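Examination of the molecular architecture
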Amino acid sequence: MKLKMKKKLDLKFVCKKIWKLEKDMNLLDINIQGVKFWQVIRYLVINEIIQERGIHGIAHSKKSTIANKSKAIPMYIYNSITKNPFTYKGNIDVLIFDHERKKKINNNYKDIYTIDLIKKLKQRNKRYLVIEDDYLRKHYSHRHDDNRMYNDFYYLSSMIKRLYLKIRLNGEEHKLINDLNKEIKVNLGSEINLIEITKKEIKTFKMKYSYYLKLLRKLKPKMIYVVVSYGRPALIAAAKELEIKVIEIQHGVITPFHLGYSFPIVPNHKIDYFPDELHLFGEYWKNSADFPINDNNIRSVGFPYLYNELLDYSQKEKKPKQIIFLSQGTIGKELSEFSFGMAKEMKDYNFIYKLHPGEYDRWKELYPFLLKANNLRNFIVIDNNNKSLHEYLSTSNCQIGVYSTAIYEGLALKCKTFLLNIPGIEYMENLIENGYAKVINKDQYNIQEDILRYSKFSELNNIFDGEK
């Protein structure tokens, strides 16, 4: 059956179709082999659809080939002996699963989302333990930290378990998933292998659930903090089984179209694998999505690391003709092409193209126009963390992006903000509607005139600071 749609296929359209299917087929409550399968694969499926349909590219670099996994085995073995959380002695008050991508601060790599939490736990003499996942098969944090263990033992043990753990769907389960697959194809024109995705993720869920159940029984934490909860459904399920509270710390932009957080057909409805509490950057974010928990479990706690850094840079002098592009893997191809055209046209302006860390190692292969732009006299590509992003934002008069979290940071540093009208801009509807950002089209814009007359800025006080 051919896809017939009058509306342009974009993220907003895809989300609305997914929400309708969730309601019509009661997907969020369907149990397959003891697992609420749709709650586990929901975010993965929409990413598969938007990539398969060419709406977004790939967000981050990945090293998931068999060769890369094999090369990591010695590291996994060594860390399973030296940094295994099962060898930690004694019980703890707080268990933290931080963000695997770290930032270099004072010659040490740290997770900026949990820095303040750890500082407060130390001040209160709380026993805490951080469990860290590797990032692209490496660990960057200080390995001599006694309050930090690595999750490598899980990955090592799972390599063996995957070989003999089989997921066999019965006839009814096959039919349900095939019916859903057909609906996705008819409504969104996307051909994905939902059977294989479901079997793979149920297997992963079961292995991680068993692992975390044993780990939590051993460590006996009173509370768990996570970053990126939608990547940890099995951990959350194990914690809830043991009646341990799970709190998520916000790590990026949350919008009505972020399916890690937005559940509009079941507001305040219990989602089995969603945290008990959500701690947000600021008041601004409280109405940014249809969260599946009660309002009294959503707190504005601030983002102290970022807030203080923005204050440090807020007095920098702007360069009137400096424009910064904020890239992401999902939209980098189109943004880089657009930046090249603009730089060629506006020769009296200087352009900075700031790549996302997830693009550093692949932009030269993926973005041919960016290679050309990098040879222009008024253009520079930043593919490292040698200088703070906020240094570039603080001195730039304008920023251009699509939906990066960094856009909010630029707004706080009084950058005139322009959003390229390509898929993903739906995330920024609130900014656009409130006049904090102006939309520009790829083939029709007058950026120089807009720069001169456009002067509305966001206020710092409700984006990255918490409850007073």
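First, a word on what this report is: a plain description of the structure on this page. (Residues numbered from 1 in each chain as written. Predicted model: local features only at pLDDT ≥ 70, side-chain atom pairs only at ≥ 80, totals over all residues. Heavy atoms only, no water.)

**A few points about the sheet that holds strand β11 (residues 298–300)**
Worth spelling out the cut-off: A pair of strands counts as paired when DSSP detects no fewer than two bridges linking them. Strands are runs of DSSP state E lasting at least 2 residues, helices are runs of H or I lasting at least 4, and numbering of each runs from the N terminus. Axis angles are defined between N-to-C directions and span 0 to 180 degrees, where every axis is a line fitted to C-alpha atoms and, for a helix, only to the segment in contact.
Sheet architecture is open: seven strands sit in the order β7-β6-β3-β8-β9-β10-β11, paired in parallel fashion. The open sheet has two edge strands, β7 (148–150) and β11, and neither has a second partner. Sheet twist, expressed as the average angle between the axes of neighbouring strands with direction ignored, equals 25°. The pairing of strand β6 (residues 128–132) with β7 spans three bridges and is parallel. Note on β7: the bridge partner recorded for isoleucine 131 is methionine 149.

**Considering the nonpolar core**
To be explicit about the condition: We define a nonpolar core as any set of buried Ala, Val, Leu, Ile, Met, Phe, Trp, Tyr and Cys residues linked to one another through side-chain atoms lying within 4.5 Å. Burial classes: relative accessible area under 20% of the type maximum marks a residue as buried, over 50% as exposed, and values in between as partly exposed (1.4 Å probe, protein chains only). In what follows, residue pairs with any heavy atoms lying within 4.5 Å of each other are defined as contacts.
One finds Phe37 and Ile400 to be the most contacted residues of the largest nonpolar core, which totals 125 residues. The element that contributes the greatest number of residues to this core is helix α2 (residues 37–52), accounting for eight residues. In contact with phenylalanine 37, not counting residues within four places along its chain, are Ile30, Ile32, Leu176, Ile177, Leu180, Thr198 and Ile202. The next biggest cluster of nonpolar side chains, apart from the first, holds 23 residues, and it includes Tyr88, Leu129, Met149 and Leu219.

**Let's talk about helix α8 (residues 233–241)**
Within α8, seven of the nine residues are buried, which leaves it mostly tucked inside the rest of the structure. Along α8, the residues classified as buried are Pro233, Ala234, Leu235, Ile236, Ala237, Ala238 and Ala239. Packed against the buried residues of α8 are α2, β3 (94–97), α7 (194–219), β8 (223–227) and β9 (245–249). One or two residues past the end of α8 sits glutamate 243, with phi positive at roughly 60°.

**Observations regarding the sheet that holds strand β17 (residues 438–440)**
Spatial strand order, β14-β13-β12-β15-β16-β17: six strands in an open sheet with parallel pairing. Both outer strands of the open sheet, β14 (379–382) and β17, are each paired with one neighbouring strand and no more. Averaged over neighbouring strand pairs, the angle between their axes works out to 25° when direction is ignored. The pairing of strand β12 (residues 319–326) with strand β13 (residues 350–354) spans five bridges and is classified as parallel. Across the sheet, residue leucine 326 finds its bridge partner in β13, namely lysine 354. Sheet strands in contact with helix α10 (residues 332–345) are β12, β13, β14, β15 (396–401), β16 (416–420) and β17, and its direction is about 170° off that of β13. Against the sheet, helix α14 (residues 405–412) makes contact with β12, β15 and β16, and its axis sits at roughly 160° relative to β15, the strand it touches most.

The quantities given are spatial measurements derived from coordinates; they are silent on function.
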